[in-house]
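# Commentary on secondary and tertiary structure
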Amino acid sequence: MTMNKEINYELPSLDAARKRNKERFVVRKDLFIIPEKARGIGHGRSYYLRTYGCQANVRDSENIAGILEELGYEAVSELDKADLILLNTCAVRQNAEEKVLGEIGNLKKLKRANPELLIGLCGCMAQEEGIVKTILQKYPQVDLIFGTHNIYHLPELLYRAMLEKERVVEVFSKRGEIIEDLPSRRFTPFKAWVNIMYGCDKFCSYCIVPYTRGQERSRAMEDILDEVKDLIKDGYKEVCLLGQNVNAYGKDLGMTEGFALLLEAVAKTGIKRIRFMTSHPYNFTDEAVKVLGKYDNIMPYIHLPLQSGSDAILRKMNRRYTASEYKELFDKLKKTIPNCAFTTDIIVGFPNESDEDFKATLEMVDYCQYDNAFTFIYSKREGTPAAKMEDAISYETKEQRLAILNEKVAYYAHKANERFLGQVVEVLVDGPSKKDHSIFAGYSKENKLVNFKGEGVQIGDIVKVKIEKTKSFSLDGRLLKG
Ligand code: SAH
Ligand code: SF4
Ligand code: F3S
């Protein structure tokens, strides 16, 4: 047996990942195979899989878990019980990466205690040149690195890492394919993530995602509808349609109203609840707005990232809309969808963001009065255009801006929840609350977390709850009978 731990590298390249072309994507339904030699390599072994980042990663983890279980592995929830530890990582901000590197540092002890333990890193960090170099140099405890485009290859890669004792690195930097035949083990009953497209072509100047996830590519509508119909048969009540920019669905297939058509078709399957994430304001068409207003099973909740309220900053971010265009879309949605809840993403401290720019963001928050907002301090991502921009703003100023913004966000979040006091909302039950088992938790149509007292309630039920108390980020209530 060879003990050479330095062979078989296929390393990432941000330059290659940047390339785009107009050719149609290959849809593969025959790519996933378990080679003879790798069959059953997981029997009697356990895995621990930790997921960081967005829903695209969660869905990938469901595929990874599905593959591992086909190989015979069993899931465990404690690190020190696992024979295989996989970290499915996020690269969107530096602090996300630091968390993962810290975690790998901690795993050194486990590896020392059990040299047979395999440690793997996958997901978006694996697509970054700099990170992979660092890991190869400084973290010898990592045995396996693979990227977002080659999950289907996991049986072969695991075999090599485990039985040939190689240090295996395989990351493809390409636009990507559509792979339809991966096994999957869904993590939640009743609610399912459904990819409608992969990748991103927007190239917002601060963002690493177009490099880690490849070119925008839409799944065929029949494949998506088949998946939704199968989910209905399996008792699922809710689907969340996933894409970095769902409103661009179908553009690569030559459709101009692809998302509107798809939404309508999914609504007509009769599934109880439909959500979607994420919407980029630039591609939100009037037709899509119309469909949202037309079907009761499309939930009245939209995540509409703003990023900044300043036109100058939006331009530098390459967001392709102005503040007034955003407002116009927001007003249209609000008018068309009664009681719609809105959340957003905002970045403060983009390179050279002035006080005036920041004020414009605060004004937008006052205008839209979001139900909630995810707020971030700009984080420099090597290889993106913004990383080369000059920035004279101190980190302290950025932190102060974040605090001011968060205070405003919390104020409107509380205010938005007050409108539910005394109202009856429909809740899809997730289960007993983590803190108190006599209380149930679930989400309303507007995506509000609702905790309520009640009896005879099952996970997956859709029940009516009367709201008796409102908090900033949740609602408390009582189950209504019948
Ligand atoms: N595709 C989605 C979101 C992807 S990342 C969209 O376009 O909305 C989620 C959020 O992270 C972004 O909306 C943005 O607010 C934030 N983000 C992305 N890159 C960032 C960076 N370099 N620094 C700080 N925040 C960032
Ligand atoms: Fe990143 Fe912009 Fe694409 Fe969202 S739309 S993933 S922020 S590049
Ligand atoms: Fe993070 Fe990758 Fe999602 S960078 S936000 S896990 S697409």
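Residues numbered from 1 in each chain as written. Chains lettered and ligands numbered in written order. Predicted model: local features only at pLDDT ≥ 70, side-chain atom pairs only at ≥ 80, totals over all residues. Heavy atoms only, no water.

Moving on: the overall build of the protein. Counting its secondary structure elements, the protein contains 13 helices and 22 strands. Taken over the C-alpha trace, the protein has a radius of gyration of 23 Å; the compact-globule value for 482 residues is 23 Å, and the two agree within 12%. Taken over the C-alpha atoms alone, the protein extends approximately 70 × 60 × 45 Å along its principal axes. A burial count over the protein gives 55% of its 482 residues as buried. The contacts in the protein between residues at least 6 apart in sequence include a share of 78% that link residues at least 24 apart. Surface exposure of the protein reaches about 21600 Å², of which carbon and sulfur atoms provide 50%. Averaging the locations of the 72 positively and 70 negatively charged side chains of the protein gives two centres separated by 2 Å. (Helix = DSSP H or I, 4+ residues; strand = E, 2+ residues; numbered from the N terminus. Rg over C-alpha atoms; globule rule 2.2 N^0.38 Å. Buried < 20%, exposed > 50% of the residue type's maximum accessible area, 1.4 Å probe, protein only. Contact = heavy atoms within 4.5 Å. Areas by Shrake-Rupley, 256 points an atom, 1.4 Å probe, with all protein chains shown as cover. Lys, Arg positive; Asp, Glu negative; His and termini not counted. Charge placed at Lys NZ, Arg CZ, Asp CG, Glu CD.)

With 58 residues, the main nonpolar core has Ile-302 and Leu-333 as its most contacted residues. Among all residues touching Ile-302, those that are not within four sequence positions of it are Phe-276, Phe-284, Leu-292, Leu-333, Ile-337, Cys-340, Ala-341, Phe-342 and Thr-343. Core analysis: the next-biggest nonpolar cluster, separate from the first, contains 31 residues, Tyr-52, Ala-82, Leu-101 and Ala-126 among them. (Core = buried A, V, L, I, M, F, W, Y, C linked by side-chain atoms within 4.5 Å.)

Two elements in contact, helix H9 (residues 286-294) and helix H11 (residues 323-336), have axes separated by 9 Å at closest approach and are oriented at 25°. Comparing their axes, H11 and H9 come out roughly parallel. Our pair here, H9 against H11, has a crossing hand that is right-handed. Counted together, Asp-286, Val-289, Leu-292 and Gly-293 of H9 and Leu-329, Lys-332, Leu-333 and Thr-336 of H11 form the full contact between these two elements. (Axes fitted to C-alpha atoms, helices over the stretch in contact; angles between N-to-C directions. Parallel < 35°, antiparallel > 145°, perpendicular 65-115°, else oblique. Left-handed = near helix turned anticlockwise from the far one by under 90°.)

Time to look at the domain arrangement of the protein. Segmenting the protein into domains produces domain 1 (6-170), domain 2 (178-418) and domain 3 (424-479). Just the C-alpha atoms count here: the centres of domain 1 and domain 3 sit 37 Å apart. (Domains from an automatic or database assignment.)

Ligand 1 sits among 15 residues. The nearest are Arg-93, Gln-244, Gln-307, Asp-345 and Ser-379. A distance of 2.8 Å separates a nitrogen atom of ligand 1 from a polar atom in the backbone of Gln-244. Within the complex, the protein chains bury 89% of what would otherwise be the 540 Å² of accessible surface of ligand 1. Looking at the shell around ligand 1, the elements that each hand over two or more residues are strand E16 (341-348) and strand E17 (372-377). Residue classes in the shell around ligand 1 are distributed as seven nonpolar, four polar and four charged. (Near = heavy atom within 4 Å. Polar contact = N/O pair within 3.5 Å; in protein donor to acceptor, adjacent residues only side chain to side chain. Nonpolar A, V, L, I, M, F, W, Y, C, P; charged D, E, K, R; others polar.)

Right, let's get into a negative patch on the surface. A cluster of like negative charges, contributed by Asp-311, Glu-325, Glu-328 and Asp-331, occupies part of the molecular surface. Looking at which element gives the most residues to the negative patch, the answer is H11, with three residues. (Patch = residues over 30% accessible without salt bridge, like charges linked within 9 Å, V, L, I, M, F, W, Y side chains within 5 Å. Salt bridge = Lys/Arg side-chain N within 4 Å of Asp/Glu carboxyl O.)

It is at 10 Å that the axes of helix H7 (residues 221-233) and helix H8 (residues 258-268) come closest, and there the two elements cross at 25°. The orientation of H7 with respect to H8, classified from their angle, is roughly parallel. H8 is crossed by H7, and the crossing has right-handed handedness. Judged by residue contacts, Met-221, Ile-224, Leu-225 and Val-228 of H7 engage Gly-258, Leu-261, Leu-262, Ala-265 and Val-266 from H8. When grouped by side-chain class, the residues that make up the contact of H7 with H8 number eight nonpolar, one polar and no charged.

This part is about the sheet that holds strand E14 (residues 273-277). The pairing of strands in a sheet comes from backbone hydrogen bonds and takes either a parallel or an antiparallel form. Spatially, three strands are ordered E10-E13-E14 in an open sheet, and the strand pairing comes out parallel. Each of the sheet's edge strands pairs with one partner strand only, and the pair in question is strand E10 (191-195) and E14. The mean angle between the axes of side-by-side strands here comes to 25°, regardless of whether they run parallel or antiparallel. Where E10 meets strand E13 (residues 238-242), five bridges bridge the pair, whose relative direction is parallel. When the sheet's bridge partners are listed, Asn-195 is paired in E13 with Leu-242. (Pairing = 2+ DSSP bridges.)

Attention shifts here to the site of ligand 2. Ligand 2 sits among Cys-200, Lys-202, Phe-203, Cys-204, Tyr-206, Cys-207, Val-209, Pro-210, Gln-244, His-280 and Arg-319. Here the residues of the shell around ligand 2 sort into seven nonpolar, two polar and two charged.

If you trace the backbone, Glu-238 turns up in strand E13. With near-sequence residues (within four places) excluded, Glu-238 lies in contact with Phe-190, Lys-191, Ala-192, Ile-271, Arg-273, Arg-275 and Leu-428.

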